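Remarks on the overall topology
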Amino acid sequence: MVELAGVNKYFGDHHVLTDIDLSVAPGEVVVVIGPSGSGKSTLCRTINRLETIDSGTLTIEGSPLPDEGKELARLRADVGMVFQSFNLFAHRTVLDNVALGPRKVRGLGRKQAEERARELLERVGVADQAHKLPAQLSGGQQQRVAIARSLAMQPKLMLFDEPTSALDPEMINEVLDVMSDLAADGMTMIVVTHEMGFARRVADRVVFMADGRIVEEKAPADFFDAPETDRAKDFLSKVLAH
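Everything in this summary refers to the structure shown in the same document. Computed from a prediction, not measured in an experiment: that's the story for all the values here.

**Considering the packing of aromatic side chains**
With the rule as written, the count across this model stands at 3 aromatic pairs. Between the aromatic rings of F208 and F235, the centroid separation amounts to 5.2 Å while the plane-to-plane angle is 45°, which identifies the pairing as tilted. One end of the pair, F208, is in strand β9 (residues 205–210); the other, F235, is in helix α9 (residues 230–239), with 27 residues separating them in the sequence. Residue classification places F235 among the buried residues on the basis of a relative accessible area of 6%. When the centroid spacing of 5.3 Å and the interplanar angle of 75° are considered together, the rings of F223 and F224 count as edge-to-face. Residue class for F223 comes out buried when judged on its relative accessible area of 0%.

**Overview of the sheet that holds strand β4 (residues 55–60)**
Spatially, 4 strands are ordered β2-β1-β4-β5 in an open sheet, and the strand pairing comes out antiparallel. On the outer flanks of this sheet lie β2 (14–24) and β5 (63–64), each paired with one strand and no other. In this structure, strand β1 (residues 2–11) lies alongside β2, joined through 7 bridges in antiparallel fashion. The residue of β2 that forms the bridge with F11 is H14.

**Details of the nonpolar core**
Considering soluble globular proteins, one finds that nonpolar side chains tend to be buried as a cluster. Ranked by size, the top nonpolar core spans 51 residues in total, and within it I33, L121, I147, M158, F160, M179 and M189 carry the most contacts. At 8 residues, the largest contribution of residues to this core is made by helix α6 (residues 169–184). What F160 contacts, discounting residues up to four positions off in sequence, is C44, V82, I147, M179, L182, M189, I190, V191 and V192. Judged by nonpolar contacts, the second largest core, of 26 residues, contains M1, I20, L72 and V207.

**Looking at unusual backbone geometry**
With the exception of glycine, most residues fall at negative phi, and the peptide bonds are largely trans. Phi is positive for D19, close to 50°, though the residue is something other than glycine. On the secondary structure map, D19 appears in strand β2. Unusually for a residue other than glycine, Q154 sits at a positive phi of about 50°. One can find Q154 in the loop between α5 (139–151) and β7 (157–161).

**Remarks on the environment of R103**
Turning to its location among the elements, R103 is positioned in helix α3 (residues 94–104). A relative accessible area of 27% places R103 in the partly exposed class. Once the C-alpha coordinates of R103 and H91 are considered, the two residues, 12 residues apart in sequence, prove to be 18 Å apart. Beyond its immediate stretch of four places on either side in the chain, R103 contacts L108, G109, R110 and A113.

**Section: the sheet that holds strand β6 (residues 79–82)**
Here we have 6 strands laid out as an open sheet, ordered β6-β7-β8-β3-β9-β10, and mixed in their pairing. Edge strands, defined here as strands with exactly one partner in the open sheet, are β6 and β10 (213–218). Taken pair by pair, the neighbouring strands of this sheet meet at an average axis angle of 15°, ignoring direction. As paired strands, β9 and β10 are joined by 5 bridges and run antiparallel to one another.

So, how was this worked out
Residues numbered from 1 in each chain as written. Predicted model: local features only at pLDDT ≥ 70, side-chain atom pairs only at ≥ 80, totals over all residues. Heavy atoms only, no water. Phe/Tyr/Trp six-rings, centres within 6.5 Å; stacked < 30°, edge-to-face > 60°. Helix = DSSP H or I, 4+ residues; strand = E, 2+ residues; numbered from the N terminus. Buried < 20%, exposed > 50% of the residue type's maximum accessible area, 1.4 Å probe, protein only. Pairing = 2+ DSSP bridges. Core = buried A, V, L, I, M, F, W, Y, C linked by side-chain atoms within 4.5 Å. Contact = heavy atoms within 4.5 Å. Axes fitted to C-alpha atoms, helices over the stretch in contact; angles between N-to-C directions.

In structure tokens form, the structure reads like this:
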């Protein structure tokens, strides 16, 4: 589904991604963890070309990433992305937020788009909020709407960039539960998160990044119970200590 080979990315003189090799199979859930500033979010953003790469190759379903125009728009429609800030349209209702993409990009009629939107809002547990504006919802509800909005495009791949980091603690699980259900349904997912319990429980593979590199990559039980590198051991000793 996704293949990165020798990918490098610079911000000025700062080498943000160094020789990244990563492949993600259809239906696989890959959780990317690591300290702040390790390149996790940049990695996520390169996959739907919110960031360009400076060298290496990045393919989705065997095709290289398009540079611009309709091909790029088509790719973005096939790759859903959920950010830490919900990025909902503040002046549109929850229902409109979810139905808009399928109407504008997929060409669905209003009735069909709204029916699909209602189904998805039901799926993520906020169907009763359909006619409210985003500001009237809790953070957890807004993030679930953002997930529904991405799903409305019927993506082949979902990217999550720290989707719970802006939420109050009691709202985190309601979002993680929706993500767990998606994974169980076979959605291909790349998830950048600080939620180690989610990583251990839901991931098929954990990718540990530090200083712009992939340092370790293995099954969750192997990574959490027997990390190989000092960098990973140090990270886990800090995040699992409490």
